[in-house]
Amino acid sequence: MLFALSDVFRSILLPRATARTFRLGPLLGATFGPPWAFVADRIADQRRRQAFRGALAPLLLVISLLTWIALLILGFGLLMSAARHRFDPALTGYGDAFYQAASSFLTLGLSGVTAAGSARIVTVLAGLAGLATVTIVASFLLSVQSALHRREVLVLGLAAAAGRPPSGLAILESYARLASPSELAQLFKAWQDWAADVLHSHRAYPILAEFRSTDEDDEWLASLSAVLDAAVLLLAAVDDREAKPAQSAARLFLPIGCRTAHDLARQFAVKRKDSPDPSFLREEFRVARRRLAAASYQLAADERAGYETLLRLREGHAGAMAGLAHHLGIAITPGLLPAGEPPPEVVREDPRKAAE
């Protein structure tokens with residue numbers, strides 16, 4: 001009973017991440033998550049596969065709530081069984097005690113049994129715990145729905161610009177067609193606020209990270225990765241006066257975006273994944289520069305310095321984002337080019353020329 005009350009307090013009432021002690025939510029996730037993902041990966045139809053994946057988080061939430069209620073009723077039932085002679089008529093066994101506890105906890109009053117002495121205290125406490133639990137759970141469900149709504153609205157709005165699956169290069173190309181750099185700055189500002197909101201809500205309620213987006217190729221984590229790559233590409237490859245407001249907004253967005261990736265990865269004890277092969281990433285950067293130039297961006301003259309900037313900025317989120325995506329079973333674009341496009345031919349540089 002004390003475990004259930006403590007877990008309810010830490011999971012619902014405490015609006016921040018808690019210490020890694022024994023918790024029901026992570027235990028259920030570790031138990032149901034791997035077999036659920038195993039079955040989902042073998043569903044051929046994309047919509048059915050995503051619907052099956054999306055059912056896991058609500059299922060875990062319902063199981064958590066039912067487990068809390070069952071543990072509380074069990075605890076109060078044991079207390080009532082210990083004081084069974086203080087009830088009129090006296091409780092004859094554990095079945096009567098648990099029925100009396102459930103009746104008091106759910107505030108039903110169906111048993112017709114009266115209590116005296118310490119049994120009255122247990123009965124009143126059971127009723128108070130039941131009323132408080134129902135109220136807290138109702139508020140929690142509303143908070144979860146509100147946080148999911150705020151998270152998904154911006155993700156759905158990005159799909160037209162970022163492609164499916166989303167990529168940072170597609171975002172920059174789409175906004176170049178609008179010929180409105182201020183719109184790109186507003187995008188980074190909106191995602192700066194989004195990242196801060198997701199960081200707060202998903203650390204407070206880790207179950208939110210398990211809720212999937214509507215479409216498999218438009219997941220919330222993949223969208224965050226794409227916006228981060230768009231900010232990095234804009235800062236590393238572009239030297240355009242008209243793009244300065246967007247670059248300033250990108251510089252403000254990157255720290256909170258990287259922190260969101262790292263803190264969520266730490267929340268789930270996720271290990272960082274290795275970055276793509278540097279030679280492959282360099283060729284992707286060259287292709288991205290050509291595509292940005294074709295989209296009317298003014299490129300920075302020094303490609304090598306831009307590539308070093310790309311590596312430095314991307315180091316802030318790529319490893320944590322890849323590890324978190326692997327843990328949650330979400331596919332993200334690993335490199336700079338949109339997924340599904342043929343990879344560039346990798347040209348190995350002579351180390352002596354590179355040193356020069």
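Read on for a plain summary of the structure.

Conventions used here
Residues numbered from 1 in each chain as written. Predicted model: local features only at pLDDT ≥ 70, side-chain atom pairs only at ≥ 80, totals over all residues. Heavy atoms only, no water. Helix = DSSP H or I, 4+ residues; strand = E, 2+ residues; numbered from the N terminus. Buried < 20%, exposed > 50% of the residue type's maximum accessible area, 1.4 Å probe, protein only. Contact = heavy atoms within 4.5 Å. Areas by Shrake-Rupley, 256 points an atom, 1.4 Å probe, with all protein chains shown as cover. Salt bridge = Lys/Arg side-chain N within 4 Å of Asp/Glu carboxyl O. Phe/Tyr/Trp six-rings, centres within 6.5 Å; stacked < 30°, edge-to-face > 60°.

## Re the overall build of the protein
Looking only at helices and strands, one finds 14 helices and two strands in the protein. A burial count over the protein gives 47% of its 356 residues as buried. Of the contacts made within the protein by residues no fewer than 6 positions apart, 77% connect residues no fewer than 24 positions apart. Of the roughly 18000 Å² of accessible surface on the protein, 61% is carried by carbon and sulfur atoms.

## A few points about the pattern of salt bridges
Inspection of every chain in the model, using the stated rule, returns 18 salt bridges. Among the salt bridges present, the one from Arg150 reaches Asp197, with a minimum N-O distance of 3.0 Å. In this pair, Arg150 sits in helix 6 (residues 118-162) while Asp197 sits in helix 8 (residues 181-204), placing the two residues 47 residues apart along the sequence. On the basis of relative accessible area, Arg150 is assigned to the partly exposed category, the value being 38%. Its salt-bridge partner being Arg151, residue Glu152 comes within 2.8 Å of it at the nearest N-O pair. A residue is classified by how much of its surface remains accessible, and Glu152, at 15% relative accessible area, is buried. Overall, the relative accessible area of 1% leaves Arg151 in the buried class. Residues joined in a network through salt bridges with shared partners are Asp41, Arg49, Arg53 and Glu216.

## Looking at helix 13 (residues 318-328)
A large share of helix 13 lies buried, amounting to eight of its 11 residues. Among all positions of helix 13, only Ala318, Gly319, Ala320, Met321, Gly323, Leu324, Ala325 and Leu328 are buried. Looking at the buried residues of helix 13, the elements they touch are helix 9 (220-237), helix 10 (244-267) and helix 12 (303-314). One or two residues past the end of helix 13 sits Gly329, with phi positive at roughly 70 degrees.

## Regarding the side chain of Ser64
Looking at where Ser64 falls in the secondary structure, it is placed in helix 4 (residues 56-82). Assessed through its relative accessible area of 8%, Ser64 is described here as buried. Contact partners of Ser64, with chain neighbours within four places excluded, come to Leu24 and Leu28.

## Side note on the packing of aromatic side chains
Inspection of every chain in the model, using the stated rule, returns six aromatic pairs. Between Trp36 and Phe52, the aromatic rings sit 4.5 Å apart at their centres with planes inclined by 10 degrees, giving stacked as the arrangement. Pair noted here: Trp36 is in helix 2 (residues 24-40) and Phe52 is in helix 3 (residues 46-54), with a separation of 16 residues, a long-range link. On the accessibility criterion, Phe52 (24% relative accessible area) is partly exposed. With 6.1 Å between their ring centres and 45 degrees between their planes, Phe285 and Tyr307 make a pair best called tilted. Of this pair, Phe285 sits in helix 11 (residues 278-294) while Tyr307 is found in helix 12, placing the two residues 22 residues apart along the sequence. Take Phe285: its relative accessible area is 0%, and that puts it in the buried class.

The values reported here are purely geometric and, on their own, carry no functional implication.
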